[in-house]
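Understanding the architecture of this molecule
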Amino acid sequence: NMWSDDFTRVATVVDTEPISLFTVETSDNGGLNIDEIISTVENTDYVSKLVWSPDNTMLALITRDEGAETSAWVYDAETGELIHRLRPTFPATLYDISWSPDSTMVAMAGRRGIAGSGEIEYRLDVEAIDLSSEEAQHILTVLDIDTTFYHAWHPDSQAIAVHLSSGIDIYPITSLSIGITPTPIATIPD
């Protein structure tokens, strides 16, 4: 189960069952009561990560199918409708997903083995959620080798800090074409 940031909504997740989204109210004695179902998200895969948008109107999910392939999705919390299937810039095992503080972008972290090298390639993709389009817009991709990415958004959603093998790079949120390497605005060495 996952609470929204303001604790007025909860999403229930059980294996591959549909995800139910409920409103929660505080009772007269101070307890919490599940009030009513808002919507249901049809899901056929296992949810490995679920995150409410900061404005509590959308859900971002990482799911894995029985073959262990992962996918990322964004759903409308009010209707349960799919907004976008998020597409990382390369096939990867996704392990983390987060929302920008203004609820307009999602960052996805993933990894994959580099054939024959024994190294692991890590990428962080940032995509803008566009309610008027069928696809999210690619913003930027950060790449590194053999370092699990940890990341944090700047409070005004204008930058993202990413832990890399060389330290922590801070990237401006500037739309770049796929394949263009972003330039950090600051680096904090390890």
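Structure: above.
Considering the sheet that holds strand β13 (residues 151-153)
Strand order across the open sheet formed by four strands is β13-β14-β15-β16, with antiparallel pairing between neighbours. The sheet is open, and its two edges are formed by β13 and β16 (186-189), each paired on a single side. Ignoring which end each strand starts from, the neighbouring axes of this sheet average 15 degrees apart.

Concerning the sheet that holds strand β5 (residues 46-52)
Strand order in this open sheet of four strands is β5-β6-β7-β8, and the pairing throughout is antiparallel. Each having just a single partner strand, β5 and β8 (82-86) make up the two edges of the open sheet. In this sheet, adjacent strand axes meet at a mean angle of 20 degrees when their direction is disregarded. As paired elements, β5 and strand β6 (residues 58-64) share six bridges and run antiparallel to each other. Each bridged residue has a counterpart across the sheet, and for valine 47 the counterpart in β6 is threonine 63.

Section: unusual backbone geometry
If you check the backbone angles, phenylalanine 7 has positive phi at about 60 degrees while not being a glycine. Examined against the element boundaries, phenylalanine 7 turns out to sit in the loop between β1 (2-3) and β2 (9-12). On the accessibility criterion, phenylalanine 7 (52% relative accessible area) is exposed. Phi is positive for asparagine 56, close to 65 degrees, though the residue is something other than glycine. Within the fold, asparagine 56 resides in the loop between β5 and β6. We classify asparagine 56 as buried; its relative accessible area is 7%.

Cut-offs and rules
Residues numbered from 1 in each chain as written. Predicted model: local features only at pLDDT ≥ 70, side-chain atom pairs only at ≥ 80, totals over all residues. Heavy atoms only, no water. Pairing = 2+ DSSP bridges. Helix = DSSP H or I, 4+ residues; strand = E, 2+ residues; numbered from the N terminus. Axes fitted to C-alpha atoms, helices over the stretch in contact; angles between N-to-C directions. Buried < 20%, exposed > 50% of the residue type's maximum accessible area, 1.4 Å probe, protein only.

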